[in-house]
Amino acid sequence: MSLEAPQPQGMSRPIAPYSPVIVSDDLVLLSGQIPFDENNTLVSEDFEPQARQVFENIRRCLEAAGCNFEHVLKVTTYLKSFEDFETYNSLYAHYFTAPYPARTTVQAGLYGFRIEIDAIARRPEQR
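From a predicted model like this one, the values you see are computed outputs, not experimental measurements.

> Looking at this model, I keep getting lost on helix α1 (residues 47-64). Mind explaining?
One turn of the α-helix equals 3.6 residues, which is why residues spaced by three or four share an orientation. Over its 18 residues, α1 runs 26 Å from end to end, which matches the ideal 26 Å to within 8%, given 1.5 Å per residue. Buried within α1 we find Phe-47, Gln-50, Ala-51, Gln-53, Val-54, Phe-55, Asn-57, Ile-58, Arg-60, Cys-61 and Leu-62. In this structure, the buried side of α1 is in contact with β1 (21-24), β2 (27-33), β3 (72-79), α2 (85-95) and β5 (115-122).

> Help me understand the nonpolar core in this model?
Across soluble globular proteins, nonpolar side chains show a tendency to be buried alongside one another. Grouped together as the largest cluster of nonpolar side chains are 27 residues, with contacts concentrated most on Phe-55 and Tyr-88. At the level of secondary structure, the elements contributing two or more residues to this core comprise β1, β2, α1, β3, α2 and β5. With seven residues, α1 is the largest single contributor of residues to this core.

> Would you mind going over the layout of surface pockets with me for this structure?
Any space left empty among the atoms is revealed by the rolling of a water-sized probe across them. In this model, the largest pocket occupies a volume close to 280 Å³. Contributing to the lining of the largest pocket are 15 residues, with Pro-14, Tyr-18, Ile-34, Phe-36 and Asn-40 lying nearest its centre. Among the residues forming the lining of the largest pocket, the class breakdown is eight nonpolar, five polar and two charged.

> Is there a simple way to think about the environment of Gly-112 in this case?
On the secondary structure map, Gly-112 appears in the loop between β4 (102-107) and β5. Gly-112 sits 78 residues away from Ile-34 along the chain, and the two C-alpha atoms are 10.0 Å apart.

> Please explain the packing of aromatic side chains as it appears in this structure.
Centre distance and the angle of the planes are the two values used to describe a pair of aromatic rings. The tally for this structure, following the rule as stated, stands at 11 aromatic pairs. Summarising the aromatic geometry, the rings of Phe-55 and Tyr-95 are spaced 4.6 Å apart at their centres and angled 10 degrees between planes, so their arrangement reads as stacked. With a gap of 40 residues between them, Phe-55 in helix α1 and Tyr-95 in helix α2 connect regions that are remote in the sequence. Between Phe-69 and Phe-96, the ring centres sit 5.0 Å apart and the planes meet at 90 degrees, which makes this aromatic pair edge-to-face. On the criterion of sequence distance, the pair formed by Phe-69 in the loop between α1 and β3 and Phe-96 in the loop between α2 and β4 is long-range, its members being 27 residues apart. According to the relative accessible area criterion, Phe-69 is buried, its value standing at 13%. Classification of Phe-96 by relative accessible area gives buried; the value is 2%. Through successive ring pairs, a cluster of aromatic residues spans Phe-55, Phe-69, Phe-82, Phe-85, Tyr-88, Tyr-92, Tyr-95 and Phe-96. Over the ring of Tyr-92 we find Arg-103; its NZ or CZ atom is 4.4 Å from the centre of that ring.

Definitions and cut-offs
- Residues numbered from 1 in each chain as written.
- Predicted model: local features only at pLDDT ≥ 70, side-chain atom pairs only at ≥ 80, totals over all residues.
- Heavy atoms only, no water.
- Helix = DSSP H or I, 4+ residues; strand = E, 2+ residues; numbered from the N terminus.
- Expected span 1.5 Å × (residues − 1).
- Buried < 20%, exposed > 50% of the residue type's maximum accessible area, 1.4 Å probe, protein only.
- Contact = heavy atoms within 4.5 Å.
- Core = buried A, V, L, I, M, F, W, Y, C linked by side-chain atoms within 4.5 Å.
- 1 Å grid on protein atoms, 1.4 Å probe; cavity = no way out; pocket = protein on both sides within 12 Å on 5 of 7 lines; lining within 4 Å.
- Points joined across faces, edges and corners; volume = space filled by probe spheres on them.
- Nonpolar A, V, L, I, M, F, W, Y, C, P; charged D, E, K, R; others polar.
- Phe/Tyr/Trp six-rings, centres within 6.5 Å; stacked < 30°, edge-to-face > 60°.
- Lys NZ or Arg CZ within 6 Å of the ring centre and 35° of its normal.

Right, here's the structure in full:
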């Protein structure tokens, strides 16, 4: 079993002991992505800019693993408030296309931000 932890371009290294993305053979696991920019700074207090930043961080992690959004199999989203669900759902449909990944969305007590998303993807065959 191979194990890689590629560092996504445009993202700073985490302060805590974890990897943003792990690749094991063709399996790609993304840690929970939060709305911090490349300087580890919260992008906004508002939900929509936070959600856009999270999706961009996911994009960077997927690219570091040789994937894109079409390779995602499962998404788990944590929202601070379900009042943001409609905006989240609209943005989600912008980044993902049918057939959509399996998805779970839960309300969680997030600290300092309004959304966090983790994902599982499968890297395409290297030809």
